[in-house]
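In case you want the letters, here they are:
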Amino acid sequence: MVQYISPIYGFIPLMMIAAAFALPLFSFFIRRIKFFSVFTIAVTLIAFILSAIIFVNVYREGKPILYPFGGWPPPIGIAYEIDLFNSLFALFVAFIALLIVIYDNWYSTSDSRIHYTYYVLLLGLLAGVFGCIYTGDIFNLFVMVEVLSLSTYSLISFYRSNRYSLEAGLKYTLLGAVALSLYFVATIVYYAAYGTLNMADLAYMARNKASLTPFSSIFGNIVAATAVALVFTLWPFTFKSALFPNHFWLPDVYSSVSPVIAACFAGFTEATAIYIIARFLYTIFGLGIIPELAKLRTVVLGALLVLGILAALVGAFMMAIQRDARRLLAYSTVNHIGFIYIALSIGLFTNSIDVLRIGLMAMLLHIINHSIGKATLFLSIGSIMRGNNLDSSDLNALYGLGKTAPIAGTAIVIGALHLIGLPPFAGFFSKYYIYQVYLSVGQPIIAWLVVLVTAISLMGYAKLLLITFGTKPGYEKRFREALQSKAVLVTLMAMTIAISIALYIDFYSVLIKASESLVNYNSYIATFRDFVSSYLNLLRGS
């Protein structure tokens, strides 16, 4: 029997899209920009509450929950399939997004260039992110990435009077359009080769050779078709996540957008692209796939490992030579994206569930740590720039200004130490787990590379610390920090310690269970097939 499934599981993206469309209507009657900011905070708060309810429900259920849109059963209709991994990831994204929009209530509403369309785009960005995380359909994923991308294109080039913003927006838009076109072609190839667009259905067919006929005969070679589709899938999302050498757009974007939008990119947009790649390589084409596809997966994981190592090295070295704080943070992101891909590639060396779940747990924890640390740094630097009436984030101009804003200055120190990975901050533990998991699979060189790259990155983070510890005559006068800014920065700083403490209580086991759900294709497939079977039985009974 098909059980009633609450619409709460598909509500968040739809609510945010509806809210985004409502703002232009409100603009006919309301002019105050504060209203649109508060409205965005309210919508994001609801999304956070709903994502928390979804996570708790999935955790209690102990298996994925499938929600069919419009009552149409998958694979005919679009479905969300929510397991512990993406429900936890969405909950974290909702929390970081809520902090950012609260901070934005102070930062952007005092900017005369901001109008209601800014909040339309911000809600569109969040709608796209949640849709990408929750979806269980690869074509619906394309649609939600399109929603996300259209918002990011516009947000990057929002300051039309700034030629650097326009240049960065044009560069990202042109290349992003190419990337999305490639992924659209990939969806066509998947459908032609497998006859389905549902992720769980794809996962089932990739593990059962008999189920491939007659669709695979269209291409004649299922491995070649899958190889083409995977390449056209992975390149767009390595571009979106700024993995070397597809990171070239990131420094220009970070240095031309507002700190709020940069925090959005570093906080969850790039991480969402990494989540998508992990879903493809560990759930859809993960353990148990037919041997021919397993060889292809090995090649892909090997390539991602090499690129991850190069990204970590390039990011660390480039940080050391930067003279602009936001460009330095961009290369810091490249560096940490490298660490995340190193953790993601652990499947190259093992098929052990116990090892994989620790490696993927390290990946998820490092995503969380990087998002917290980078949001802390962007927002604190934004506070100092605004408080001192600076348009530039040149390190020489910021030198010593951390003293003018004690909370923001302290946040820079905490954020930098957290990203370096200094105990007791949570940034230490994710790097430690990456180090340990590679030792456990007999790869000490990769494990020690994590330590070496961290040491190299110290030169870059030392420059950030001088914002607080440097001295500059004439800049000792403090300005009054906004309540929203202080509340958000204190919360982010507290999280760097709170996560460390939580790991020793129960958070470690939650992360392990979430990571195991990403690898547990049996549960993911079974949820889909049980739903379809129940629906067919209902039709036969009627």
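Residues numbered from 1 in each chain as written. Predicted model: local features only at pLDDT ≥ 70, side-chain atom pairs only at ≥ 80, totals over all residues. Heavy atoms only, no water.

### A short note on a nonpolar patch on the surface
Part 1 of the argument: A cluster of nonpolar side chains, Phe-139, Val-143, Phe-184 and Ile-188, forms an exposed patch at the surface whose accessible area comes to about 310 Å².
Part 2 of the argument: Of all the elements in the fold, those that place two or more residues in the nonpolar patch are α5 (138-156) and α6 (163-194).
Part 3 of the argument: Position of Phe-139 among the secondary structure elements: in helix α5.
Part 4 of the argument: Its relative accessible area of 32% is what places Phe-139 among the partly exposed residues. (Patch = residues over 30% accessible without salt bridge, like charges linked within 9 Å, V, L, I, M, F, W, Y side chains within 5 Å. Areas by Shrake-Rupley, 256 points an atom, 1.4 Å probe, with all protein chains shown as cover. Salt bridge = Lys/Arg side-chain N within 4 Å of Asp/Glu carboxyl O. Helix = DSSP H or I, 4+ residues; strand = E, 2+ residues; numbered from the N terminus. Buried < 20%, exposed > 50% of the residue type's maximum accessible area, 1.4 Å probe, protein only.)

### Concerning the pairing of strand β2 (residues 79-82)
Part 1 of the argument: Neither face of β2 is open: one carries Ala-79 and Glu-81, the other Tyr-80 and Ile-82, and all of them are buried.
Part 2 of the argument: Pairing geometry for strand β1 (residues 65-68) and β2, over 4 bridges, is antiparallel. Across the sheet, residue Ile-65 finds its bridge partner in β2, namely Ile-82. (Pairing = 2+ DSSP bridges.)

### Some details on the side chain of Ser-393
Part 1 of the argument: As for its position among the elements, Ser-393 is in the loop between α13 (353-387) and α14 (395-398).
Part 2 of the argument: Assessed through its relative accessible area of 1%, Ser-393 is described here as buried.
Part 3 of the argument: Within the structure, the side chain of Ser-393 is placed 3.1 Å from the side chain of Arg-326, a separation counted as a polar contact.
Part 4 of the argument: Residue contacts for Ser-393: discarding those within four places in its chain leaves Asp-324, Ala-325, Arg-326, Met-385 and Leu-398. (Polar contact = N/O pair within 3.5 Å; in protein donor to acceptor, adjacent residues only side chain to side chain. Contact = heavy atoms within 4.5 Å.)

### Let's talk about helix α1 (residues 11-26)
Part 1 of the argument: Along its 16 residues, α1 runs 22 Å from first to last C-alpha, staying within 8% of the 22 Å computed at 1.5 Å per residue.
Part 2 of the argument: Those residues of α1 that fall on the buried side of the exposure criterion are Ile-12, Pro-13, Met-15, Met-16, Ala-19, Ala-20, Ala-22 and Leu-23.
Part 3 of the argument: Where α1 is buried, its residues contact α2 (33-61), β2, α4 (116-134) and α5. (Expected span 1.5 Å × (residues − 1).)

### Focus: the packing of aromatic side chains
Part 1 of the argument: Applying the stated rule across the entire model yields 42 aromatic pairs.
Part 2 of the argument: Centroid distance Tyr-67 to Phe-69: 5.2 Å. Interplanar angle 80°. Geometry classified as edge-to-face.
Part 3 of the argument: What makes Tyr-67 buried here is its relative accessible area of 13%.
Part 4 of the argument: When the ring of Tyr-194 is compared with that of Phe-285, the centres are 6.3 Å apart and the planes differ by 55°; the resulting orientation is tilted. (Phe/Tyr/Trp six-rings, centres within 6.5 Å; stacked < 30°, edge-to-face > 60°.)

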